[in-house]
Amino acid sequence: MKHNSKILDYSNRQISALTILRVLIGWHFLYEGLVKIYTPGWSAKSYLLNSVGPFSSFFKSIAQSNQILNIADTLNEWGLILIGLSLFVGLFSKFSSFFGILLLAFYYLSYPPFANLGIEAYVEGNYWIVNRNLIEIAALLVLVVFPSSHITGIDRFIFLNRKKKSDNSPS
């Protein structure tokens, strides 16, 4: 199958592994977004106010303005939902992977797992440099470099239509 002027020749096992990875990350994003939407009064305010590290003043400033915080909350909730849904069904998943990386980078930078930061707030375990956000960023990078939605997602139908149009157009 031709894609971006390069031949992508995946084995069935590779396609299956990439699709499983894409669907699982999509489910994780989608679930996190839905939990936030359906939790009454949810806000990132306390998360942002307790942030640590070199960018903590930026994150804390977001929480100190109700207008900016409302925008950040909405972007966070709907960003998670739309990125997750996109990855889950394989629609524009390469594009969504980039936005997923950006969102996860914000999470990572708000609570970086570096030594001597005195993190006692929101941290899942005691990690040093590598945490689940960084691992998920790496997994999304794999999906950017080795896309699969054009084979096993809704993108497949978009690529098939493009291929049919290019095959039928006079050269």
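In this convention, every chain numbers its residues from 1, walking through the sequence in written order. Two thresholds apply to this predicted model, a pLDDT of at least 70 for residue-level local features and 80 or more for giving and counting side-chain atom pairs, whereas whole-chain, interface and lining totals are computed over all residues. Heavy atoms throughout the structure, all of them, feed into the side-chain values; hydrogens and water do not.

Asker: What is the right way to look at the packing of aromatic side chains in this model?
Answerer: In this description, a pair of aromatic rings is defined by centroid distance and the angle of the planes. Pairing of aromatic rings covers Phe, Tyr and the six-membered ring of Trp, with a centre-to-centre limit of 6.5 Å; geometry is then stacked below 30 degrees between planes, edge-to-face above 60, and tilted otherwise. Under the defined criterion, the tally for this structure stands at seven aromatic pairs. An angle of 55° between the planes, with centres 4.7 Å apart, marks the rings of Tyr47 and Tyr111 as tilted. Of this pair, Tyr47 sits in helix α2 (residues 45-49) while Tyr111 sits in the loop between α5 (93-110) and α6 (132-145); the two residues are 64 residues apart in sequence, bridging distant segments of the chain. Classification of residues uses two cut-offs on accessible area relative to the type maximum, computed with a 1.4 Å probe and protein chains only: under 20% is buried, over 50% is exposed, and between them is partly exposed. Under the relative-accessibility criterion, Tyr111 is labelled buried at 5%. Measuring from ring centre to ring centre gives 5.3 Å for Phe58 and Phe59, while their planes differ by 65°; the resulting arrangement is edge-to-face. Note on Phe58: relative accessible area 43%, which makes it partly exposed. Here a helix means four or more residues in a row that DSSP labels H or I, a strand means two or more in a row labelled E, and each is numbered from the N terminus.

Asker: Is there a simple way to explain the nonpolar core in this structure?
Answerer: Generally speaking, a soluble globular protein has its nonpolar side chains buried in company with each other. Buried Ala, Val, Leu, Ile, Met, Phe, Trp, Tyr and Cys residues form a nonpolar core when they are joined through side-chain atoms within 4.5 Å. Core analysis: the largest hydrophobic core is formed by 18 residues, its most contacted members being Ile25, Phe29, Leu103, Leu104 and Leu140. Of all the secondary structure elements, the ones that give two or more residues to this core are α1 (12-38), α4 (66-89), α5 and α6. A per-element tally of this core places α6 first, with five residues. Two residues form a contact once any of their heavy atoms are found within 4.5 Å. Setting aside anything within four residues of it in sequence, one finds Leu103 in contact with Phe29, Asn76, Leu80 and Ile83.

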